[in-house]
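The residues making up each chain are set out below.
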2 protein chains.
Amino acid sequence: MNEILTKERLIEARERISNQVKRTPILTSSSINKILNANIFFKCENFQKVGAFKFRGASNAVLSLNEKEMINGVATHSSGNHAAALALAAKMKNIPAYIVMPKTAPEIKKKAVAGYGAKIIFCEPTLKAREETLNNVIQETNAIFIHPYDNYDVIAGQSTAAQEIFAELNDLDFIIAPVGGGGLLSGTALSTKYFSPKTKIIGAEPKEADDAFKSFNDKKIYPSINPKTICDGLLTQLSEKTFKIITNTVDEILTAKEETIIEAMKLIWERMKIIIEPSSAVTLAIMIENQEKFLNKKIAIILSGGNVDLKNLPFK
Amino acid sequence: MNEILTKERLIEARERISNQVKRTPILTSSSINKILNANIFFKCENFQKVGAFKFRGASNAVLSLNEKEMINGVATHSSGNHAAALALAAKMKNIPAYIVMPKTAPEIKKKAVAGYGAKIIFCEPTLKAREETLNNVIQETNAIFIHPYDNYDVIAGQSTAAQEIFAELNDLDFIIAPVGGGGLLSGTALSTKYFSPKTKIIGAEPKEADDAFKSFNDKKIYPSINPKTICDGLLTQLSEKTFKIITNTVDEILTAKEETIIEAMKLIWERMKIIIEPSSAVTLAIMIENQEKFLNKKIAIILSGGNVDLKNLPFK
């Protein structure tokens, strides 16, 4: 399936991180099943440490370093869940973490990352400034760069959410994961091919940020240009590694409208009493927009995270 | 412990409702444990059907009726979770449910009850009007009145949440449940005495609605007069049955300030990514206000429900 991310490497990743990552519950909702006429299993990565699946990949990346590689710490640029995830994974190994963040990042995210003991380096809010600042940090510190998704250890870590699903559930017709940079979808797809090969793999993306949809269908990477979506975790574009895995393994990428994403988010909050971020809701949103396809099917959905600003919710 | 609600009757209740009630998960939060220096287990009745533990009691009450008693249906007056719970429990047995609600009840609650197929009879928003209207309904329909908490089958049903806790956890130092009318606290306390007699039982109540606190300490039932609390599920007062059980079994009732209740609610939303109603948060709030008492202890908390208006949240 993938010559580098073999089945054995995925299993090793799961063993490596099992002591520090939460085995999150899989929840069901009879009322959502009734509304959509389907049998849906929600893997609650919103309950994961730091509130998102990202802690799996960051943990596997940090724990895969040898003592010598580890000594100068790790670095990344991110204003989102990967920043907090890497900061916590580094803290748990007692190594430094350097996080380059745009100075415009929300206060709540700066505080979370600082709370895990990481050193934050602020930069202008452009990709160029981020990359330059990160390069400077790495030159000065010799820290190891952990890319949020263009990194095999990160992808192997993200694969463990789906591995846990297949350890509990058989005969799934579909598995659905959101797609931004493609780390979660890549890991999910590889897990599925190795552990449940009959299950169809679907990526879910906001229509207003449909670069992965286009990249998948045209077989070339499109950049993500000015995406206008509430899904703040899905603004990035595929990388070389995730593009290759996704085009080789995923069955389909479906997109959903902003209003359907908010409707799906509200449905999950109200019926399941759990807090998910908009980027997680896009999975249920594509089901709402494609009900025929999923009629009476058995489906696993990965709820990727639960980090939202409670003072600024999209419900009307 | 109680001559009517024997250990056997509690066990029977659990068996009776096990097919239609959700066995809710028990979740933990390492960050809340760290903040409070305690080992807390949260029983998630916010994930229960209709979004509250009330479905346990209503289910046991309905399923305890014989065919003849059942034929004319059930009735109650409530604008809260018991109304929805009884409506659903009746619907699952295909019998009519008559719910007397104040015409001022929130639209969302009217819709929920109607959505379960119950017949709603509106009345003026006074206790007198409620009781008169209910009596009229019962005379007309011969339906059986299921009181929200002054009813042994209801209390036995509520006891099943704690029964499930003790089936999973040993050596608990404390179990904490919110107290309004006292149905949940009574059932929880009896379960604890029968299944984990060394565990101390604590009722949690808003300081602004502390009639149970006073009733417990003065050994006489105080009415709940104009309570001014965000905990809309805890406005009622103890009944004869719950007062007797609680004074015989509960170790202590503690109260918490409104601001602490909101702080506790926010902590659970943000750290655990689950939606609870304010009435559930009073349990963690008393822990926040009495940290010494719970230092390094093993504690079960019953999160009673998750029905909130997402457009009107108390977070600032």
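If you're wondering where the values come from, they're calculated on a predicted model, not measured in any experiment.

Caption draft 1: Summary view of the overall build of chain A. Along chain A, the regular secondary structure elements total 14 helices and 10 strands. Each of the three principal axes of chain A carries a C-alpha extent, and together these read 55 × 45 × 40 Å. Classification of the 316 residues of chain A by burial places 59% in the buried group. Nonlocal contacts in chain A, meaning residues at least 24 apart in sequence, comprise 73% of its contacts between residues at least 6 apart. Of the roughly 13,000 Å² of accessible surface on chain A, 46% is carried by carbon and sulfur atoms. Charged side chains of chain A number 40 positive and 35 negative; the gap between the two group centres comes to 3 Å.

Caption draft 2: Fine view of the relation of the copies chain B and chain A. Between the two copies, chain B and chain A, the superposition gives an RMSD of 0.0 Å; the rotation angle is 180° and the shift along the axis is 0.1 Å. Between the two chains, the operation in question is that of a two-fold axis. Considering only C-alpha atoms, the residue of chain B closest to the rotation axis is Ile 274 of chain B, which sits at 2.1 Å. Both copies present the same face, since 100% of the interface residues in chain B are matched by interface residues at the equivalent positions in chain A.

Caption draft 3: Seen up close, the pattern of salt bridges. Considering all chains together, one arrives at 26 salt bridges over all chains under this definition. Linking Asp 232 of chain A and Lys 109 of chain A is a salt bridge whose minimum nitrogen-to-oxygen distance equals 3.8 Å. Linking Asp 232 of chain A in the loop between α10 (211-218) and α11 (240-249) with Lys 109 of chain A in helix α6 (residues 107-115), this pair joins segments that are 123 residues apart in sequence. Between Glu 107 of chain B and Lys 110 of chain B there is a salt bridge whose closest N-O contact spans 3.7 Å. Within this pair, Glu 107 of chain B and its partner Lys 110 of chain B are both found in helix α6 (residues 107-115), separated by 3 residues, close to a single helical turn.

Caption draft 4: Looking closely at the nonpolar core. One finds Trp 269, Ile 274 and Leu 284 of chain A together with Trp 269, Ile 274 and Leu 284 of chain B to be the most contacted residues of the largest nonpolar core, which totals 81 residues. Apart from the residues within four sequence positions on either side, Leu 284 of chain A is in contact with Ile 32, Leu 36, Ile 40, Phe 42, Ala 264, Leu 267, Ile 268 and Ile 301 of chain A.

Caption draft 5: The UniProt feature "domain: Tryptophan synthase beta chain-like PALP" (unreviewed entry) in chain A, seen in detail. This chain's UniProt record puts "domain: Tryptophan synthase beta chain-like PALP" (unreviewed entry) on residues 17-305 of chain A. Annotated as residues 17-305 of chain A, this span is 47% helix and 17% strand, and its ends, taken at the C-alpha atoms, are 18 Å apart.

Caption draft 6: View of helix α10 (residues 211-218) of chain B. All names here are of chain B. All buried positions along α10 are accounted for by Asp 211, Ala 212, Ser 215 and Phe 216. Summarising the axial view, the buried residues of α10 lie within an arc of 130°, below the 170-degree limit, and thus occupy one face. Elements that come into contact with the buried residues of α10 comprise β8 (200-206), α11 (240-249) and β9 (252-256). Backbone geometry just downstream of α10 places Lys 219 in the positive-phi region, at approximately 60°.

Caption draft 7: Quick peek at the domain arrangement of chain A. Residues and elements named next belong to chain A. As assigned here, chain A comprises domain 1 (7-53 + 152-303) and domain 2 (55-145). Between domain 1 and domain 2, the C-alpha centre-to-centre distance is 25 Å. In this assembly, 24 residues from domain 1 lie in contact with 16 residues from domain 2. Across the domain 1/domain 2 interface, buried area totals approximately 1,600 Å², and carbon plus sulfur atoms make up 56% of it. Contact with domain 2 buries area across many residues of domain 1, yet Arg 16, Gln 20 and Val 50 alone supply 41% of it, more than any other trio. At the surface where domain 1 touches domain 2, the tally comes to 3 salt bridges. Between Arg 56 and Glu 164 there is a salt bridge, with the nearest N and O atoms lying 3.0 Å from each other. For the pair domain 1 and domain 2, the interface holds 13 residue pairs in polar contact (both at pLDDT 80 or more). It is helix α8 (residues 152-168) that contributes the most residues to the side of domain 1 that touches domain 2, 8 residues altogether.

Caption draft 8: Here's a closer look at the packing of aromatic side chains. Inspection of the entire model under this criterion finds 5 aromatic pairs over all chains. When the centroid spacing of 4.9 Å and the interplanar angle of 70° are considered together, the rings of Phe 174 of chain A and Phe 294 of chain A count as edge-to-face. Placement of Phe 174 of chain A in strand β7 (residues 174-178) and of Phe 294 of chain A in helix α14 (residues 291-294) is noted, with a sequence separation of 120 residues between them. For the pair formed by Phe 174 of chain A and Phe 294 of chain A, the shared burial category is buried. An angle of 70° between the planes, with centres 6.2 Å apart, marks the rings of Trp 269 of chain A and Trp 269 of chain B as edge-to-face. Of this pair, Trp 269 of chain A sits in helix α12 (residues 258-272) while Trp 269 of chain B sits in helix α12 (residues 258-272), on two different chains. Each of the two residues, Trp 269 of chain A as well as Trp 269 of chain B, counts as buried. Put simply, the rings of Trp 269 and Phe 315 of chain A together with Trp 269 and Phe 315 of chain B pair up and form one aromatic cluster. One residue, Lys 214 of chain A, lies across the ring of Tyr 222 of chain A, its end atom 5.3 Å from the ring centre.

Caption draft 9: Examining the side chain of Ser 59 of chain B more closely. All names here are of chain B. In this fold, Ser 59 is placed in helix α3 (residues 54-63). Given the relative accessible area of 0%, Ser 59 is considered buried. Within the structure, Ser 59 has its side chain in polar contact with the side chain of Gln 20 (distance 2.8 Å). Sequence-distant contacts of Ser 59, defined by excluding residues within four places in its chain, comprise Ile 17, Gln 20, Val 21 and Ala 89.

Caption draft 10: Summary view of the interface of chain B and chain A. Taken together, the contact pairs 21 residues of chain B with 21 residues of chain A. In this structure, the connection of chain B to chain A is made through 0 salt bridges. Linking chain B with chain A are 8 residue pairs in polar contact (both at pLDDT 80 or more), by the criterion used here. For the side of chain B that touches chain A, the leading source of residues is α12 of chain B, giving 4 residues. Of the residues that constitute the side of chain B that touches chain A, the class distribution is 10 nonpolar, 5 polar and 6 charged.

Reading the values: the criteria
- Residues numbered from 1 in each chain as written.
- Chains lettered and ligands numbered in written order.
- Predicted model: local features only at pLDDT ≥ 70, side-chain atom pairs only at ≥ 80, totals over all residues.
- Heavy atoms only, no water.
- Helix = DSSP H or I, 4+ residues; strand = E, 2+ residues; numbered from the N terminus.
- Buried < 20%, exposed > 50% of the residue type's maximum accessible area, 1.4 Å probe, protein only.
- Contact = heavy atoms within 4.5 Å.
- Areas by Shrake-Rupley, 256 points an atom, 1.4 Å probe, with all protein chains shown as cover.
- Lys, Arg positive; Asp, Glu negative; His and termini not counted.
- Charge placed at Lys NZ, Arg CZ, Asp CG, Glu CD.
- Least-squares fit on C-alpha atoms with pLDDT ≥ 70 in both.
- Salt bridge = Lys/Arg side-chain N within 4 Å of Asp/Glu carboxyl O.
- Core = buried A, V, L, I, M, F, W, Y, C linked by side-chain atoms within 4.5 Å.
- UniProt positions renumbered as here; feature names shortened; annotations may be inferred.
- Arc of directions from axis to C-beta.
- Domains from an automatic or database assignment.
- Buried area = accessible area lost by both parts, 1.4 Å probe.
- Polar contact = N/O pair within 3.5 Å; in protein donor to acceptor, adjacent residues only side chain to side chain.
- Phe/Tyr/Trp six-rings, centres within 6.5 Å; stacked < 30°, edge-to-face > 60°.
- Lys NZ or Arg CZ within 6 Å of the ring centre and 35° of its normal.
- Nonpolar A, V, L, I, M, F, W, Y, C, P; charged D, E, K, R; others polar.

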